[in-house]
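In case you want the letters, here they are:
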Amino acid sequence: MLNIIFSLIALPYAPNALEPVISRETIEYHYGKHLQTYVDNLNKLVAGTEFEAMSLEEIVAKSQGAIFNNAGQILNHNLYFTQFKPYDEHHSINPSFHQLPIIEAIIRDFGSFEAFQAEFEQKGTTLFGSGWVWLAADKDGKLVITQEPNAGNPVTKGLKPLLTMDVWEHAYYIDYRNRRAAHLHSLWQIINWDEINRRYLEK
Ligand code: MN
């Protein structure tokens, strides 16, 4: 019997709560099948190795090959799926949105929130092949946008990952077919900025 070392995270919303931005069907495949497969693979790969006692972040920092790829994909998807909030058809804005330290830092480092969004979408759209676009912070709290191929995560560059968009086709092909840019643009509607702010302030 397989030892359960890592398990599938719980979603902080119902599987259909992100519709129409992300459909229930995409959640069922992306979370229920793709992420579950990475979890099952990693549990098989680390059994009996030095990695079974490590956190995902430690494995990503210290491993290569199949263990790195599966641990990286779990870490990336855990951050991805927990950064969303249920779609709100009224598009209500949290009255304290502009006072959040993460929003103040975005405006400080990118000039405006809209300039940040445009650069983020552009870097997600132009990342060739499969991978992830990230908002990350350096040790001084300065924000950067990075493009990471395949299972990459900015933790390997000493940066703290805050927000991410998955540009693997499995993230959008059911709902958007080949229209990656349209998918990335729509994701802003469901980003939980209180969670991104929590990550930014976390020591
Ligand atoms: Mn994915």
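All figures in this text were calculated on a predicted structure; none of them were measured in a lab.

Draft legend 1. Just the packing of helix H1 (residues 24–46) against helix H3 (residues 65–81), in detail. Axis separation between H1 and H3 bottoms out at 9 Å; the angle between their running directions is 140°. Seen along the crossing, H1 lies across H3 with a hand that is left-handed. In this structure, H1 uses Ile27, His30, Tyr31, Leu35, Tyr38, Val39, Asn41, Leu42, Leu45 and Val46 to contact H3, whose residues at the interface are Ala66, Ile67, Asn70, Ala71, Gln73, Ile74, His77, Asn78, Tyr80 and Phe81. Of the residues belonging to the contact of H1 with H3, the class tally is 14 nonpolar, six polar and no charged.

Draft legend 2. Structural detail: the environment of Lys85. In this structure, Lys85 sits in the loop between H3 and helix H4 (101–110). A residue is classified by how much of its surface remains accessible, and Lys85, at 31% relative accessible area, is partly exposed. Note: C-alpha distance between Lys85 and Lys123 (38 residues apart in sequence) is 23 Å. Every residue in contact with Lys85, bar those within four places of it in the chain, is listed here: Leu18, Gln189, Ile190, Ile191 and Asn192.

Draft legend 3. Just the domain arrangement of the protein, in detail. Segmentation of the protein into domains returns domain 1 (24–81) and domain 2 (101–201). On a C-alpha basis, the centroid separation for the pair domain 1 and domain 2 is 20 Å. The partner domain 2 presents 20 residues to the 16 residues of domain 1 that form the contact. When domain 1 packs against domain 2, close to 1500 Å² is buried across both sides, 63% of that on carbon and sulfur atoms. Our count for the contact surface shared by domain 1 and domain 2 stands at zero salt bridges. Connecting domain 1 to domain 2 are 10 residue pairs in polar contact (both at pLDDT 80 or more). Where the side of domain 1 that touches domain 2 is concerned, the elements lending two or more residues are H1 and H3.

Draft legend 4. View of the sheet that holds strand S2 (residues 143–149). Judged by pairing direction, the sheet is antiparallel, and its three strands sit side by side in the order S2-S1-S3 without closing on themselves. If you trace the sheet from one side to the other, it starts and ends with S2 and strand S3 (160–166), each paired once. Strand-to-strand, the axes of this sheet are offset by a mean angle of 25°, without reference to chain direction. Sheet topology places strand S1 (residues 131–137) next to S2; seven bridges connect them, and they run antiparallel. Following the sheet pairing, Trp132 is matched in S2 by Glu148. Taken strand by strand, H4 contacts S1, S2 and S3, and its axis lies near 85° from that of S2.

The rules we used
- Residues numbered from 1 in each chain as written.
- Predicted model: local features only at pLDDT ≥ 70, side-chain atom pairs only at ≥ 80, totals over all residues.
- Heavy atoms only, no water.
- Axes fitted to C-alpha atoms, helices over the stretch in contact; angles between N-to-C directions.
- Helix = DSSP H or I, 4+ residues; strand = E, 2+ residues; numbered from the N terminus.
- Left-handed = near helix turned anticlockwise from the far one by under 90°.
- Contact = heavy atoms within 4.5 Å.
- Nonpolar A, V, L, I, M, F, W, Y, C, P; charged D, E, K, R; others polar.
- Buried < 20%, exposed > 50% of the residue type's maximum accessible area, 1.4 Å probe, protein only.
- Domains from an automatic or database assignment.
- Buried area = accessible area lost by both parts, 1.4 Å probe.
- Salt bridge = Lys/Arg side-chain N within 4 Å of Asp/Glu carboxyl O.
- Polar contact = N/O pair within 3.5 Å; in protein donor to acceptor, adjacent residues only side chain to side chain.
- Pairing = 2+ DSSP bridges.

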